[in-house]
Each structure stands twice: as C-alpha cells, then as structure tokens.
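One-letter residues, chain by chain:
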Amino acid sequence: MDDKTAELRDIFVEATGSDTVTERQAEARGSLADDGDDDVERVRELVRRMRERYEFETDLDDDALVRLVREFYAEGTDGADGTDGTNGVEDADEALAAVLDVDAEAVFTARMDLHLVRPADRDAPVEYEALRRRVVDGERDAAIASALDADPAVVAHYRRVVETDLESTRANDRFRDGFEAVLTDSELTGRHARDAREDGLREATEDIETDVSL
C-alpha cells in the first residue's frame, strides 16, 4: 500500500469508524472501484452518518442517496467536475434525475445535502464572491437580491451552494473525501480535492473556524 492509498484509508476510517476499506482500497487502484456490495455498504454508512449529523432537506431515502452518490462518480470528468459550465451541471442533474426517477431539483437538493458540489455549481449569474460574502455575513435573500440586482430565486439557489461549501469545509471535506476513497482511484481523488480547493473552499475557511469534530 502506498502513501496515497494509506491516506484514503485513513479518511474513510475517520469518517465511518470502520477499517474495512483497507483491503478494497489496495485492490481498487487505477480504476473505478468495483460495483460490489462492500462499496454499497460503505457509501451507505457515510450517508447514514451524514444524515445523523446534518438536517437533510432531501426527501430521498438512503437507498436512493447511495445510488445518487455512485452515479455521480460514475459520470466521470464532465459530470463530477462540471467542466461544461452551468448548462453542463443542469444536464448532468437531469441525467441523474432520469436514473433516480425524480426531478432535477430533487437531485440538486440531495447533492447539496451530501456535499457533492461541482465547480460549475458556483458559476452564478451574479458575482459569486460578493454573494458568498453576504451569505457569510448573514444577510437575507431579499437583501442580497436587492444589493446584487438579482432574482431572489437565483440568490436562494446559490445560497445553498455557498452554505454547502461552508458546511463541507467545517467537516474538513471528510464526507466527500470518504465517498471518493470508496468510489474512485487515487489519481481522480487527488484531482477532485485540488479542484475543490482551487474553486472556493480555501476562501470559505477565511470566514469560519474549522470544526473537525464528528
């Protein structure tokens, strides 16, 4: 086991309290992890722990959320990274919605609950950094919409993205990293982590105190 695989093992153990990931991580290097029962149960455990820790807004049950997480990472670069911009995000959510037999808004809500933010989720039609600062300052949607000359519905949507980034950062991204440790190889995991930090999560830490407790 190399240093990167060991790091991914430690992330999963810390997030789930289970050390059963070790052998699977050693086997999965270089490709997407097998679609076996072990992977399903590990993802389910992470989802369960997130539901216990956070107040989920989604109406989807754990089985649907597990499938959403696995499909999210099965999308590959265009899906998970959202490199095609806002329309790419919408198309990817529509594809996930079709798989889960729900609407795209339900997919977005579930993704936010699970800290599955794509970089393109932050491609707002208003200045995202200005919106983020106002959300951090506790301003209401109506006030933000007025200040930024934006539709309140748009502000409400991107507020959810900002709040998810902040929530994930407070947890040191442990849950998203845990999903990646199970479902992706180490190279892809490293790229996701770098992209996330380059696209705003590092800035979010300037406004909050990091909370590393489970």
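Before any of the text, the structure's been laid out above.
Residues numbered from 1 in each chain as written. Predicted model: local features only at pLDDT ≥ 70, side-chain atom pairs only at ≥ 80, totals over all residues. Heavy atoms only, no water.

Trainee: Looking at this structure, how should I read the overall build of the protein?
Mentor: Regarding its fold elements, the protein presents 12 helices and 0 strands. When the helices and strands of the protein are read in sequence order from the N terminus, they spell out α-α-α-α-α-α-α-α-α-α-α-α. With 214 residues in all, the protein has 50% of them scored as buried. Considering only residue pairs separated by 6 or more positions, the protein has 72% of its internal contacts joining residues 24 or more positions apart. Summed over its atoms, the accessible surface of the protein is roughly 10400 Å², and 41% of this surface lies on carbon and sulfur atoms. (Helix = DSSP H or I, 4+ residues; strand = E, 2+ residues; numbered from the N terminus. Buried < 20%, exposed > 50% of the residue type's maximum accessible area, 1.4 Å probe, protein only. Contact = heavy atoms within 4.5 Å. Areas by Shrake-Rupley, 256 points an atom, 1.4 Å probe, with all protein chains shown as cover.)

Trainee: How do you make sense of the pattern of salt bridges when you look at a structure like this?
Mentor: Side-chain pairs of opposite charge can arise whenever the charged atoms involved come near each other. According to the stated counting rule, one finds 18 salt bridges in the structure shown. The salt bridge involving Arg 132 is made with Glu 129; its shortest N-O contact spans 2.7 Å. In this pair, Arg 132 and Glu 129 are both assigned in helix H8 (residues 128-136), 3 residues apart and thus about one turn of the helix distant. Relative accessible area serves as the criterion here: at 22%, Glu 129 is assigned to the partly exposed category. One network of salt bridges, with partners in common, ties together Asp 93, Arg 111, Arg 118 and Asp 121. (Salt bridge = Lys/Arg side-chain N within 4 Å of Asp/Glu carboxyl O.)

Trainee: Before we go on, may I ask you to explain helix H7 (residues 104-113) in this structure?
Mentor: Every α-helix winds through 3.6 residues per turn, so residues three or four apart in the chain are directed the same way. Burial analysis of H7 places 8 of its 10 residues in the buried class, which makes it a mostly covered element. Considered for burial, the residues of H7 that qualify are Ala 104, Val 107, Phe 108, Thr 109, Ala 110, Arg 111, Met 112 and Asp 113. Structurally, the start of H7 carries an N-cap: the backbone nitrogen of Glu 105 is 3.3 Å from a side-chain oxygen of Asp 103. Just downstream of H7 lies His 115, where phi reads positive at about 65°. (Polar contact = N/O pair within 3.5 Å; in protein donor to acceptor, adjacent residues only side chain to side chain.)

Trainee: In this structure, what is going on with the nonpolar core? I would like to understand it.
Mentor: The nonpolar side chains of soluble globular proteins are, as a tendency, buried together. Val 43, Leu 68, Val 69, Leu 114, Leu 116 and Phe 179 are the most contacted members of the largest nonpolar core, which totals 27 residues. For this core, the secondary structure elements donating two or more residues are helix H3 (37-53), helix H4 (62-74), helix H6 (86-100), H7 and helix H11 (174-183). Examining the composition of this core, we find that 7 residues originate from one element, H4, more than from any other. Residue contacts for Phe 179: discarding those within four places in its chain leaves Val 43, Leu 46, Val 47, Met 50, Val 69, Tyr 73, Leu 114 and Leu 116. Met 112, Val 155, Tyr 158 and Val 161 belong to the second-largest nonpolar core, a separate cluster that totals 16 residues. (Core = buried A, V, L, I, M, F, W, Y, C linked by side-chain atoms within 4.5 Å.)

Trainee: Looking at this structure, how should I read the side chain of Arg 132?
Mentor: Its relative accessible area of 5% is what places Arg 132 among the buried residues. Here the side chain of Arg 132 touches Glu 129 through a polar contact of 2.7 Å, side chain to side chain.

Trainee: I tried to follow the environment of Asp 93 on my own but got confused; where do I start?
Mentor: When you line up the elements, Asp 93 lands in helix H6. Taking relative accessible area as the criterion, Asp 93 reaches 5% and is therefore assigned buried. Here the alpha-carbon distance between Asp 93 and Val 107, two residues 14 residues apart in the chain, equals 6.1 Å. If we ignore the near neighbours within four places in the chain, the residues touching Asp 93 are Ala 104, Val 107, Phe 108, Arg 111 and Arg 118.

Trainee: Help me understand H3 in this model?
Mentor: The terminal C-alpha atoms of H3, which comprises 17 residues, lie 24 Å apart, in line with the 24 Å expected from a rise of 1.5 Å per residue. Among the residues making up H3, those that are buried are Asp 39, Val 40, Arg 42, Val 43, Leu 46, Val 47 and Met 50. Angular distribution of buried residues about the axis of H3 spans 165°; they occupy a single face of the element. Turned more than 90 degrees away from the buried face of H3 sit Asp 37 and Glu 52, all of them exposed. (Expected span 1.5 Å × (residues − 1). Arc of directions from axis to C-beta.)

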